[in-house]
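Listed below are the residues making up each chain.
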Amino acid sequence: MLKRLTALRRILAYCLLTLALAGCKTDIYTDLSEREANAMMNALLSDGIEAEKTAIGDGLFSVTVADSDLRSALSILDAQGLPNGDRDSIGQIFAKSGIVSSPFEERVRYIYALGEEVGQTLQQIDGVMVARVHLVMPEEPELGQEYPQYYAAVFIKQLPGYDLDFLMPQVRRLVEASIEGLEYDNVAVVLVEAQPAQAPETLQTGEFVEVLPGVRVAEATTRTAWTFIGSGVAIIVLLLGVVGYLVYGQLALRRGANAAKNEVVELG
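These figures come from a predicted structure and were not determined experimentally.

A few points about a nonpolar patch on the surface
Part 1 of the argument: On the surface, a cluster of nonpolar side chains totalling about 240 Å² of accessible area is made up of Val243, Val247 and Leu251.
Part 2 of the argument: Since its relative accessible area comes to 40%, Leu251 is described here as partly exposed.

Looking at the nonpolar core
Part 1 of the argument: Counting 20 residues, the largest nonpolar core has Leu122, Leu135, Val154, Val175 and Ile179 as the members making the most contacts within it.
Part 2 of the argument: Ignoring sequence-local partners within four residues, the contact set of Val154 consists of Leu122, Arg132, Val133, Val171, Val175, Val187, Ala188, Val189 and Val190.
Part 3 of the argument: Ranked by size, the runner-up nonpolar core spans 16 residues in total, among them Met41, Leu44, Ile49 and Leu82.

Digging into the packing of helix α2 (residues 34–46) against helix α3 (residues 70–79)
Part 1 of the argument: At a closest axis distance of 10 Å, the pairing of α2 and α3 adopts a crossing angle of 120°. Here the hand of the crossing between α2 and α3 comes out right-handed. On α3, the residues touching Met40, Ala43 and Leu44 of α2 are Ala73, Ile76 and Leu77.
Part 2 of the argument: Grouping the amino acids of the contact of α2 with α3 by side-chain chemistry returns six nonpolar, no polar and no charged.

Topic: the pairing of strand β5 (residues 151–158)
Part 1 of the argument: Side chains Ala152, Val154, Ile156 and Gln158 of β5 all project onto a buried face; the interleaved residues Tyr151, Ala153, Phe155 and Lys157 project onto a face where none is buried.
Part 2 of the argument: Note: strand β4 (residues 128–136) against β5, eight bridges, orientation antiparallel. Following the sheet pairing, His134 is matched in β5 by Ala153.
Part 3 of the argument: With seven bridges joining them, β5 and strand β6 (residues 187–193) adopt parallel strand pairing. Looking across to β6, one finds that Val154 is bridged to Val189.
Part 4 of the argument: In the classification by handedness, the crossover that spans β5, the intervening helix α6 (residues 168–178) and the parallel β6 is right-handed.

Regarding the confidence of the model for the protein
Part 1 of the argument: Of the residues in the protein, 69% have a pLDDT of 70 or more, and the chain-wide mean is 76.
Part 2 of the argument: Within the protein, helix α7 (residues 201–204) has the poorest average pLDDT of any element, 46, and α6 the best, 94.
Part 3 of the argument: The model gives residues 200–206 a pLDDT under 50, and that stretch makes eight contacts with residues more than four places away or in other chains.

As for the packing of aromatic side chains
Part 1 of the argument: Tallied over the entire structure, the rule returns zero aromatic pairs.
Part 2 of the argument: The ring of Phe61 is capped by Lys53, whose NZ or CZ atom sits 5.1 Å from the centre of that ring.
Part 3 of the argument: The ring centre of Tyr184 lies 4.3 Å from the NZ or CZ of Arg172, which sits over that ring.

Concerning the environment of Leu191
Part 1 of the argument: You can see Leu191 is positioned in strand β6.
Part 2 of the argument: Once the C-alpha coordinates of Leu191 and Phe155 are considered, the two residues, 36 residues apart in sequence, prove to be 6.2 Å apart.
Part 3 of the argument: If we skip the residues at most four places from it in the chain, Leu191 touches Ile156, Gln158, Leu164, Asp165 and Met168.

The rules we used
Residues numbered from 1 in each chain as written. Predicted model: local features only at pLDDT ≥ 70, side-chain atom pairs only at ≥ 80, totals over all residues. Heavy atoms only, no water. Patch = residues over 30% accessible without salt bridge, like charges linked within 9 Å, V, L, I, M, F, W, Y side chains within 5 Å. Areas by Shrake-Rupley, 256 points an atom, 1.4 Å probe, with all protein chains shown as cover. Salt bridge = Lys/Arg side-chain N within 4 Å of Asp/Glu carboxyl O. Buried < 20%, exposed > 50% of the residue type's maximum accessible area, 1.4 Å probe, protein only. Core = buried A, V, L, I, M, F, W, Y, C linked by side-chain atoms within 4.5 Å. Contact = heavy atoms within 4.5 Å. Axes fitted to C-alpha atoms, helices over the stretch in contact; angles between N-to-C directions. Helix = DSSP H or I, 4+ residues; strand = E, 2+ residues; numbered from the N terminus. Left-handed = near helix turned anticlockwise from the far one by under 90°. Nonpolar A, V, L, I, M, F, W, Y, C, P; charged D, E, K, R; others polar. Pairing = 2+ DSSP bridges. Right-handed = clockwise from strand over helix to strand, strands pointing away. pLDDT = per-residue confidence, 0-100. Phe/Tyr/Trp six-rings, centres within 6.5 Å; stacked < 30°, edge-to-face > 60°. Lys NZ or Arg CZ within 6 Å of the ring centre and 35° of its normal.

Laid out in structure tokens, this is it:
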């Protein structure tokens, strides 16, 4: 009986392993903030990619997709500039740990933090994928010297299908008003459009294959579909075999018990 239970456990373990391999998934990105994870989930689900968000502790999350969708998911996220990462705020840039900084280091931190802060604001505009602001802010002049001019270069990558050209004057005014001493004419804006996500070539044809009556899958995922179907059939067959084995064992035990009773009656 102990050997029978051991064999049964091995069969069940094999069934579970086969089922797990049939639905393998991959963490496409980890250590994400909740905002980044939500943005990635929205992008993937909008394009028909099944994805899952999982909390991994310390306020961080991971995004998981099926192995068969990995390539398409990466293309979609790359086209939308995700994950774009959280920007450092001015408070984070100027956070100190007791180390004394030189005036030059303080100024570099200030310029960097100011550009990041303005870029983060621009990135809240609908259709903006990436926004970067680079500032040229010479040091203040000595007494009697002419005050230097400040310059700003703004780079914006917009999502496909958006037209942000009409917003460029508002963007320049926003940058001008955000940085003291900066003039409107000294703000240069470069606007480019991101290329749309390119689906794998096998999916671009739109061809589907009927793997079972009434069940159609994309041609590129045929092998995955048959693997999943074969694994399911194998699991069903193994479970039926386990049930038959158990039923046969119970029947054998009952026959043995009945035979023992009959033998006792005859001896009596």
